Amino acid sequence: MAEVASASMTKMYVKGQWVEAQSGETQEVRSPHDGSVVDTVPRGSRDDARAAIRAAEDAFPEWADTAADERARLILAGVEKVKEKQKDLAKVLSAEQGKPVFEAMGEIHHFLHGMTFYAGLASKIRGAQVPLPPDMGKHSYGLVLKRPVGVCGAIVPWNFPITLMGTKIGPALIAGNTVIVKPASSTPLTSLQIIGLLNEAGLPAGVLNCVTGPGREVGEELLENPVVRRIAFTGESGTGRRVMEVAGPQFKRITLELGGSDPMIVMPDADLRKAVSGAMIGRFWNCGQACLAVKRLYLHEEIHDEFLEALLKKVGSYELGDPATRPEKPFVRMGPLHTAEQREEIESQLADATSKGAEVLIGGSRPDDPALGSGHYFHPAVVANVSHHSRLVQEEVFGPVLPVFKVKDLDEAIVLANDNQYGLGSSIWTQNLTWSNQAIREIQAGVTWVNQIHYGYDELPFGGVKASGIGHEHGPEAVDYYQETKGAVIGGLA
Ligand code: NAD
């Protein structure tokens, strides 16, 4: 049984215990709101990653042999513990990531929903019995067996550190695998607390480990070490390429959930009130730092002006400020960007667009308020007359800036939607079935929503095309990536 999770959160979790880095080194986690130190965690190295890999390897045979119902029971017991602490966990997540507390609560809910979904699937995984031709022997038959892959590495980014950890550990654990989680260096705290709680609920030591430290050391050890048979990675497309370079030659099972630049198309018959709300959540939730985010808005010329007017009014209701506090109604809280570099990147993408003739309709600057001077704050922006060749369109924009385009029909909107290296999400807003079907068929993306922007689901498979990734997370389909399929033939029967 694992050690109880009341230990200091400045440690990481390996083989059922809270441990320091073997080097004794630590790294600070700083608040995006004011730069203060939220906590420190071990700065793990390759040695620490190796220790966790050994622990996961040792724990694997027993966990793989544990009955599926028992695995599910232990996961659900952990879910209950996380539920009890969810308010405190949301505060930690808000402090380290910078998202408002109510958004952090939403993220923890999504994690709980996902883990419950996978616990429910544990006992439903099945292979098949296959009839064989008589010349293979009288009464002989084939079996399709599902077996866990072994030790898995889960590499997680900072934008949704908890849900994206859940989409990996849920399917991995129910299928009988053991896991090492590698959180982003700037958001390890809530992940560590949750991993402690899941272990406290009864997971055997070594089944679920967490090593903090730089991607170039801890992450690369997971990619290189031959004991790790499966890498589930979420992060930038550039890092995804590195994952392929290092883990690919070892024929590891790899899934990559990478960047995106989702188009949103609004047709003249759309419910504009709902579509404006969709654009707001789609672009500005999490301060625009979402892989699945409305990053380009294509408005039909008939509703362009009306839509834009309503959108700008809503964008004006965001109030920048401490993510731990709520503004007076009708204002809505927007926290800081996660890092200084993130803000500089957005600013340089915006400057590139304006240098090519774009017009900033609202926002697009740092706040004057001295109280926000040490945070990475940025007024959410809407931008018109943007060249489709500008960085604001062709790159992933990971912050609250929305370029808007006027289109004459759906064909033009789809051509522009597809003029991009990414293919993650997309949406169309219309009551017309022919238009929505055309969009579903022709937009190059892993998912197309019709009259909806709803990110918090676990039921459907989700994954990108083009530079947005390989493979799927979510849904029963995700479990396939954590299983080997083996054939067997039963012959020689009387
Ligand atoms: P990132 O690629 O910088 O880091 C992601 C993780 O990889 C971190 O834990 C990091 O420490 C680790 N890492 C870095 N270098 C590594 C290496 N050489 N080897 C192994 N691991 C390494 O990404 P980020 O900035 O944390 O996250 C933002 C990006 O993630 C955006 O591009 C966003 O679109 C993408 N994202 C995609 C999805 C999706 O489902 N498609 C979801 C969320 C975020």
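Residues numbered from 1 in each chain as written. Predicted model: local features only at pLDDT ≥ 70, side-chain atom pairs only at ≥ 80, totals over all residues. Heavy atoms only, no water.

The helix and strand inventory of the chain stands at 15 helices and 24 strands. With the principal axes as the frame, the chain shows a C-alpha extent of 75 × 60 × 40 Å. The buried share among the 494 residues of the chain stands at 56%. Considering only residue pairs separated by 6 or more positions, the chain has 72% of its internal contacts joining residues 24 or more positions apart. As displayed, the chain has an accessible area near 19,900 Å², and 53% of this comes from carbon and sulfur atoms. (Helix = DSSP H or I, 4+ residues; strand = E, 2+ residues; numbered from the N terminus. Buried < 20%, exposed > 50% of the residue type's maximum accessible area, 1.4 Å probe, protein only. Contact = heavy atoms within 4.5 Å. Areas by Shrake-Rupley, 256 points an atom, 1.4 Å probe, with all protein chains shown as cover.)

Attention now moves to the packing of aromatic side chains. Scanning the model with the defined rule gives 6 aromatic pairs in all. When the ring of Phe102 is compared with that of Trp285, the centres are 5.9 Å apart and the planes differ by 80°; the resulting orientation is edge-to-face. Remark: Trp285 occurs in the loop between helix H9 (272–284) and strand E13 (294–300) and Phe102 occurs in helix H4 (residues 101–121); sequence separation between them is 183 residues. Among the residues examined, Phe102 registers a relative accessible area of 34% and is labelled partly exposed. When the centroid spacing of 5.5 Å and the interplanar angle of 75° are considered together, the rings of Trp158 and Phe398 count as edge-to-face. A residue pair is termed long-range when its members are at least 10 positions apart, and Trp158 in the loop between strand E7 (151–155) and helix H5 (161–174) and Phe398 in the loop between helix H12 (391–394) and strand E18 (401–407) qualify at 240 residues. Over the ring of Tyr482 we find Arg230; its NZ or CZ atom is 4.2 Å from the centre of that ring. (Phe/Tyr/Trp six-rings, centres within 6.5 Å; stacked < 30°, edge-to-face > 60°. Lys NZ or Arg CZ within 6 Å of the ring centre and 35° of its normal.)

Once that is clear, we can look at the packing of helix H2 (residues 68–84) against helix H6 (residues 189–200). H6 packs onto H2 with a crossing angle of 135° between their chain directions and a minimal axis gap of 8 Å. On the basis of their axis angle, the class for H2 and H6 is oblique. Along this stretch, H2 crosses H6, giving a crossing that reads as right-handed. For the pair H2 and H6, the contacting residues are Gly78, Val79, Lys81 and Val82 in the first and Ile194, Leu197, Leu198 and Glu200 in the second. Residue composition of the contact of H2 with H6, by class: 5 nonpolar, 1 polar and 2 charged. (Axes fitted to C-alpha atoms, helices over the stretch in contact; angles between N-to-C directions. Parallel < 35°, antiparallel > 145°, perpendicular 65-115°, else oblique. Left-handed = near helix turned anticlockwise from the far one by under 90°. Nonpolar A, V, L, I, M, F, W, Y, C, P; charged D, E, K, R; others polar.)

This part takes up the pairing of strand E10 (residues 228–234). Buried residues dominate E10, accounting for 6 of its 7 residues. Bridging between E7 and E10 involves 5 bridges; their strand directions are parallel. Across the sheet, Ile155 pairs through a bridge with Phe233, a residue of E10. Sheet topology places E10 next to strand E11 (residues 253–257); 5 bridges connect them, and they run parallel. Along E11, the bridge assignment pairs Ala232 with Thr255. (Pairing = 2+ DSSP bridges.)

Taken domain by domain, the chain comprises domain 1 (12–258 + 471–487) and domain 2 (262–457). Using C-alpha coordinates to define each centre, domain 1 is positioned 31 Å away from domain 2. Contacts between the two partners involve 22 residues from domain 1, matched on the other side by 26 residues from domain 2. Both faces combined, the contact of domain 1 with domain 2 buries some 2,100 Å², and carbon together with sulfur accounts for 58% of it. In this structure, the connection of domain 1 to domain 2 is made through 0 salt bridges. Our count for the domain 1 to domain 2 interface comes out at 10 residue pairs in polar contact (both at pLDDT 80 or more). The set of elements that each furnish at least two residues to the side of domain 1 that touches domain 2 consists of helix H3 (86–97) and H4. In terms of residues, the side of domain 1 that touches domain 2 owes the most to one element, H4, which gives 4 residues. Class assignment of the residues belonging to the side of domain 1 that touches domain 2 gives a composition of 7 nonpolar, 11 polar and 4 charged. (Domains from an automatic or database assignment. Buried area = accessible area lost by both parts, 1.4 Å probe. Salt bridge = Lys/Arg side-chain N within 4 Å of Asp/Glu carboxyl O. Polar contact = N/O pair within 3.5 Å; in protein donor to acceptor, adjacent residues only side chain to side chain.)

Now for the sheet that holds strand E16 (residues 359–362). If you trace the 7 strands from one edge of the open sheet to the other, you get E16-E17-E18-E13-E12-E20-E21, paired in mixed fashion. The open sheet has two edge strands with one neighbour each: E16 and strand E21 (449–450). Note that strand E20 (residues 427–429) and E21 share 2 bridges and pair parallel. Each residue of the ladder has a partner; that of Ser427, found in E21, is Trp449. Strand contacts of helix H10 (residues 304–315): strand E12 (262–266), E13, E16, strand E17 (381–384) and E18, with the helix running at about 170° to E18, the strand carrying the most contacts. Relative to E13, helix H13 (residues 410–417) is tilted by about 160°, and along the sheet it contacts E12, E13, E18 and E20.

Two orientations exist for strands paired in a sheet by backbone hydrogen bonds: parallel and antiparallel. Ordered by their spatial adjacency, 3 strands build an open sheet running E5-E6-E24, and the pairing between neighbours is antiparallel. Edge positions in the open sheet fall to strand E5 (128–131) and strand E24 (483–490), since each of these has one partner strand only. Each strand of the sheet is rotated relative to its neighbour by a mean of 25°, with strand direction disregarded.

This next bit is on the nonpolar core. Core analysis: the biggest nonpolar cluster contains 79 residues, and Phe111, Ile169 and Val181 have the highest contact counts within it. Here this core takes 9 residues from H4, the largest share from any one element. Those residues in contact with Phe111 that sit more than four places away from it in its chain are Val82, Ile162, Thr163, Met165, Gly166, Ile169, Ile194 and Leu198. (Core = buried A, V, L, I, M, F, W, Y, C linked by side-chain atoms within 4.5 Å.)

Within strand E8 (residues 178–182), 5 of the 5 residues are buried, which leaves it mostly tucked inside the rest of the structure. Residues of E8 alternate between two faces, with Thr178, Ile180 and Lys182 on one and Val179 and Val181 on the opposite face, all of them buried. Sheet analysis places E7 next to E8, joined by 5 bridges and oriented parallel. Residue pairing in the sheet places Ile155 in a bridge with Lys182 of E8. Since E7 and E8 lie parallel, the crossover through H5 that links them has a hand, and here it is right-handed. Examined bridge by bridge, E8 and strand E9 (residues 208–210) share 3 bridges and lie parallel to one another. Bridged to Val179 within E9 is Leu208. (Right-handed = clockwise from strand over helix to strand, strands pointing away.)

This part covers the site of the ligand. Around the ligand sit 27 residues, and of these Val156, Lys182, Glu220, Thr239 and Glu396 come closest. With respect to the ligand, the backbone of Val156 contributes an N or O atom lying 2.7 Å from an oxygen atom. Within the contact set of the ligand, an oxygen atom lies 3.3 Å away from a backbone nitrogen or oxygen of Gly235. For the ligand, whose unbound accessible area comes to 860 Å², protein coverage reaches 91%. (Near = heavy atom within 4 Å.)

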